[in-house]
Amino acid sequence: MAEKAIFLGPVAPQSWLDTFMPASMYTEQRKPSAPALKKLMNVPIPGRCKESGPPTTVRDMYQPFCEFVNQRSVCPGFTGVSNETLDGPGIMLFSNADAKGNNCIVPAWQYCEVCIEFRPYPENSAFCDVETKPFLNEDGKSLDTREQIEDYASSTMSTQQRCFCFMIEICGEYVRFLRFDRAGCVVSEAFSFRKNPQLLCAFFLRLSTLSSEKRGHDPTVKRASTEQYEGLKTAIQLFALECRCKGRDPSFVQQTLEGDYIPYVVSVGSDKVIIRRPFFMYEAAFGRATRVYAAYSLTKRKLLCLKDAWRTNGDDVQTEEHIYEHLQAHDVPWLATNYYVGDVKVGAGKYARDQRAHTFTFKPPHSLLEFTRPCQPKMRSVVHSRLLQELGIPLKYVANSKEIVRAMRNALECAFTAYEKAQTLHRDMSSGNILIDDEGGFLNDWDHSFICSAKKDSAHSRTGTWQFLSIKFLRNPSKSHKLQDDVESAFWSLLYACLRYIRHDSPDFDLTFFHEKRRNADGDEIGGSQKLRLLASRELKKVTWSCKPLDALIHELADLFREYYVFHRKRDDSGKKDVERMKQAYEKIGDSAHILGLFDRALLEDGWLPHDRGCLSPGHAPPPKVKAESDSSDPLGPLLTYEEVWSNGSESSSSSLSSARSTPSRERAPSPSPDLPRLSTLTTPHLSSRRSSKRSRASAAGAGNAEDNDSEAQEEPPSRPMKKAK
């Protein structure tokens, strides 16, 4: 889910300019020519009638305004291009070199320097300067404007290597300046370009004097030469050939060479790598904005994996580097081999500093309206970080089901050992974080993990990939994370991968239970009911995989979780047998010897097929279906999970169990979730290669927080307690 946008403002336009585009002696002495100002004054304003012809529309502004920008005295060194299509902003600004050499048209996001978005009327602005009203306009057209400029900022920063970008909003004759970075957006007050043309002219003139870094480009990244790009192409072609020889699909890495993207040279520690198009990208203007690339190392002369993200910064945050060092110290197996992990540094020597988003520390000289309203989230400091490691292969591109099971087995051993030896929970066991390599596979992406022994409380918030969260987490957003949640997430990841990519007799099996999402009476997003019904109804028994060892393993795991979750309708009067059965299942799920034994026995069996990949093709996930209202006609009736039974105590009488079963749900009619992406965009193919406990490992993973609460601890049996945070 994308981060909620944070906007600061309104800031006086002159203060905005002085903060982000400092004046120089050159800009103070230069002024736009009289012909340029005349062109600006002649830009038509929508809604006003022309002397002849129909009323002016917003599209009538594009070309006249573009002619003003392209006057030599306005923004030397840059070219404005007006939009001739219905896609993209009204005008894009390009450097002269890009505009001439690449025949830039709108939208060409990979070359864009500044977007200019037009709206016909001042009331269409995304923002409001009236002190008695909220700063963020909430009417329909204003919301559309704000969503549009967020999309433009996201497209600009996702396709380029940027720390921030500038944008202009023009509504009628009123102009606002905007500066986006990963922490938020600083917005100026609106002003009339007819009454105050000098402010608009100052923006363009100062822009023309700014260095590439001051315009938002990452100073640790440069455009690659033709020779360097050829090295990347050759490495990808060799990697693809190796994948095909092993029966694997190399398309995830081949897309690096597709599309109109710019190849870059990125400084990563002491190494330099060549990248182009990411094979995973979380496209958002704010937040982590994770991108994962196939990267050719100029030092090691091999294809690696580069993860680029903006991590949350704070005293209570455990960094990726710290997490991996902690796991390595406790000899945790099946981790990725990392060549570099850490925050991006700018400057040299004693002047080196972390690359951070500026919005978090922004203190304008002009007073702001109250920003921290209830509708706005708390602003967080974010720091740019990178992780360079060997390149692993996502589960959806495997040659056969045995590769999936072997990788899942290794990932589970890694998770169990991390918890038992290092008191660390992974908290995001998903099909995108379990990767294949020549030694079986490894568990990757520890940036949501949590060291349970840390002297701090854990957060009462869900962490992980929605489609693979445990039923407990989906039903209770505030519960603390347990080892059993990670094991269950691994089961759902295995089930999803095998339903999607491995041959079986039910290719039309409905996968929408992975995406179920609705809201309860408190407004929290919840789910899990369809997963619970899947286990209770034994619907999964109707699916038979072509590979018999795989089929037996999946159904055995499903039976274990069914015993864990489903309170049987047929039971003795006291219900003690069901409670005891659920306790035993809970203990088995948290027992590494039992779970790994299931996988080891399955892998030793005969009957594994060398080529059983098939069924649904990779990249075509069925669309999520979010119900519009609660289903009151469930043939199974209300179901009790283990936690609901256990909370009544093992000595519960049949009457108390019956009353618990009949307790009305607090869920209200669920609302559609427009921000729920398909699974294919959530299952991050992330990073690369694991190594056994005797091999070298290095850093990765930002810390999440997990918070134990007393009521949750009482809910679960004391068979494998999690250490309490002090």
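So, how was this worked out
- Residues numbered from 1 in each chain as written.
- Predicted model: local features only at pLDDT ≥ 70, side-chain atom pairs only at ≥ 80, totals over all residues.
- Heavy atoms only, no water.
- Phe/Tyr/Trp six-rings, centres within 6.5 Å; stacked < 30°, edge-to-face > 60°.
- Buried < 20%, exposed > 50% of the residue type's maximum accessible area, 1.4 Å probe, protein only.
- Lys NZ or Arg CZ within 6 Å of the ring centre and 35° of its normal.
- Helix = DSSP H or I, 4+ residues; strand = E, 2+ residues; numbered from the N terminus.
- Axes fitted to C-alpha atoms, helices over the stretch in contact; angles between N-to-C directions.
- Parallel < 35°, antiparallel > 145°, perpendicular 65-115°, else oblique.
- Contact = heavy atoms within 4.5 Å.
- Nonpolar A, V, L, I, M, F, W, Y, C, P; charged D, E, K, R; others polar.
- Pairing = 2+ DSSP bridges.
- Polar contact = N/O pair within 3.5 Å; in protein donor to acceptor, adjacent residues only side chain to side chain.
- Core = buried A, V, L, I, M, F, W, Y, C linked by side-chain atoms within 4.5 Å.
- pLDDT = per-residue confidence, 0-100.
- Salt bridge = Lys/Arg side-chain N within 4 Å of Asp/Glu carboxyl O.
- Patch = residues over 30% accessible without salt bridge, like charges linked within 9 Å, V, L, I, M, F, W, Y side chains within 5 Å.
- Areas by Shrake-Rupley, 256 points an atom, 1.4 Å probe, with all protein chains shown as cover.
- Lys, Arg positive; Asp, Glu negative; His and termini not counted.
- Charge placed at Lys NZ, Arg CZ, Asp CG, Glu CD.
- Left-handed = near helix turned anticlockwise from the far one by under 90°.

Enquirer: Mind showing me how you'd approach the packing of aromatic side chains here?
Expert: Each aromatic ring pair is summarised here by two numbers: the centre-to-centre distance and the angle between the ring planes. Evaluation of the coordinates by the stated rule reveals 36 aromatic pairs. Summarising the aromatic geometry, the rings of Tyr496 and Tyr501 are spaced 6.3 Å apart at their centres and angled 85° between planes, so their arrangement reads as edge-to-face. Judged by centre distance (6.4 Å) and plane angle (85°), the rings of Phe509 and Phe513 are edge-to-face. Note on Phe509: relative accessible area 16%, which makes it buried. The cationic tip of Arg179 hangs over the ring face of Phe164; the distance from NZ or CZ to the ring centre is 4.0 Å.

Enquirer: How should I be thinking about unusual backbone geometry in this particular structure?
Expert: A negative phi angle is the norm for most residues apart from glycine, just as the trans form is the norm for most peptide bonds. Here Gly9 and Pro10 are connected by a cis peptide whose omega angle stands at 0°. Along the chain, Pro10 falls in strand β1 (residues 7-11). Phi is positive for Arg301, which is not a glycine, with a value near 55°. Position of Arg301 relative to the elements: it lies in the loop between β13 (291-297) and β14 (303-312). A positive phi angle is found at Trp334, which is not glycine, with a value near 60°.

Enquirer: Can you walk me through the packing of helix α1 (residues 13-20) against helix α7 (residues 197-209) in this structure?
Expert: Between two packed helices, what matters for the description is the angle formed by their axes and the separation of those axes. Their axes nearest at 10 Å, the elements α1 and α7 cross at an angle of 10°. Judged on the interaxial angle alone, α7 and α1 are roughly parallel. Every residue of α7 that contacts α1 at Pro13, Gln14, Trp16, Leu17 and Asp18 is listed here: Leu199, Ala202, Phe203 and Arg206. Tallied by class, residues from the contact of α1 with α7 come to six nonpolar, one polar and two charged.

Enquirer: Can you help me understand the pairing of β14 in this one?
Expert: When you tally the buried positions in β14, you get nine out of 10 residues, the bulk of the element. Pairing of β13 with β14, which is carried by six bridges, proceeds in the antiparallel orientation. Directly across from Ala295, in β14, lies its bridge partner Leu304. In this structure, the hairpin formed by β13 and β14 is closed by a connection of five residues, where Arg301 is found at a positive phi of approximately 55°. Where β14 meets strand β19 (residues 382-390), nine bridges bridge the pair, whose relative direction is antiparallel. Note that in β19 the partner of Lys307 across the bridge is Leu387.

Enquirer: For this particular structure, what's the right way to read the side chain of Glu320?
Expert: Along the chain, the position of Glu320 falls in helix α10 (residues 320-329). A polar contact of 2.9 Å, which involves the side chain of Glu320, links it to the side chain of Lys307.

Enquirer: Would you take a moment to explain the sheet that holds strand β23 (residues 442-443) for this structure?
Expert: Backbone-to-backbone hydrogen bonds pair the strands of a sheet. The strands run either parallel or antiparallel. Spatial strand order, β20-β22-β23: three strands in an open sheet with antiparallel pairing. A single partner strand is all that each edge strand has here, and the edge strands are β20 (393-394) and β23. Sheet strands in contact with helix α11 (residues 401-422) are β22 (434-436) and β23, and its direction is about 130° off that of β22.

Enquirer: Honestly, the nonpolar core in this entry has me stumped. Any pointers?
Expert: When a protein is soluble and globular, its nonpolar side chains tend to lie buried together. Ranked by internal contacts, the top residues of the largest apolar core, which has 100 residues, are Leu303, Leu412, Trp492, Leu494, Leu495 and Trp545. With 46 residues, the next largest nonpolar core counts Val43, Cys66, Val74 and Ala183 among its residues.

Enquirer: What exactly am I supposed to notice about the confidence of the model for the protein here?
Expert: Fine structural detail should not be taken from predicted coordinates in areas where pLDDT scores are low. Averaged over all residues, the pLDDT of the protein is 81; the fraction at 70 or higher stands at 77%. For the protein, helix α20 (residues 679-682) is the element with the lowest average pLDDT, namely 30, and helix α17 (residues 592-604) is the one with the highest, namely 98. Low pLDDT (under 50) marks residues 645-726, which in the prediction has 277 contacts with non-local residues, meaning those over four places away or in another chain.

Enquirer: Sorry, what's going on with the pattern of salt bridges here?
Expert: Where charged atoms of side chains with opposite charge meet at close range, the side chains can pair. Under the criterion given, the structure shown has 37 salt bridges. Notably, a salt bridge pairs Lys300 with Asp271, separated by 3.5 Å at the nearest N-O pair. Taken together, the residues Lys300 in the loop between β13 and β14 and Asp271 in strand β11 (residues 271-275) connect sequence positions 29 residues apart. Between Lys307 and Asp445 there is a salt bridge, with the nearest N and O atoms lying 3.0 Å from each other. Here Lys307 is found in strand β14, whereas its partner Asp445 is found in the loop between β23 and β24 (450-451), with 138 residues between them in sequence.

Enquirer: Would you mind going over a negative patch on the surface with me for this structure?
Expert: Together, Glu123, Asp139, Asp144, Glu147, Asp151 and Glu283 line one region of the surface with negative charge. Following the sequence through the fold, Glu283 ends up in the loop between β12 (280-281) and β13. Here Glu283 falls in the partly exposed class, since its relative accessible area comes to 42%.

Enquirer: Can you walk me through the environment of Phe166 in this structure?
Expert: Tracing the chain through its elements places Phe166 in strand β5 (residues 164-171). Between the alpha carbons of Phe166 and Val186 there is a distance of 9.9 Å; along the sequence they are 20 residues apart.

Enquirer: What exactly am I supposed to notice about the packing of helix α15 (residues 548-565) against α17 here?
Expert: At a minimum axis separation of 9 Å, α15 and α17 run at an interaxial angle of 160°. For the element pair α15 / α17, the angle class is roughly antiparallel. Pair α15 / α17 crosses with right-handed handedness. Taken together, the residues of α17 that come into contact with α15 (itself represented by Pro549, Leu553, Glu556, Leu557 and Leu560) are His594, Ile595, Leu598, Phe599 and Ala602. In terms of residue class, the contact of α15 with α17 is made up of eight nonpolar, one polar and one charged.

Enquirer: Explanation requested: the pairing of strand β4 (residues 114-119) in the structure shown.
Expert: Successive side chains on a regular strand alternate, one facing one side of the sheet and the next facing the other. Judged by how many residues are buried, β4 sits mostly within the fold: six of six residues are covered. As defined by bridge partners, strand β3 (residues 91-95) adjoins β4 across three bridges and the pair is classed as antiparallel. Within the sheet, the bridge partner assigned to Met92 lies in β4 and is Cys115. In this structure, β4 lies alongside β5, joined through six bridges in parallel fashion. Opposite Phe118, over in β5, you have Ile170 as the bridge partner.

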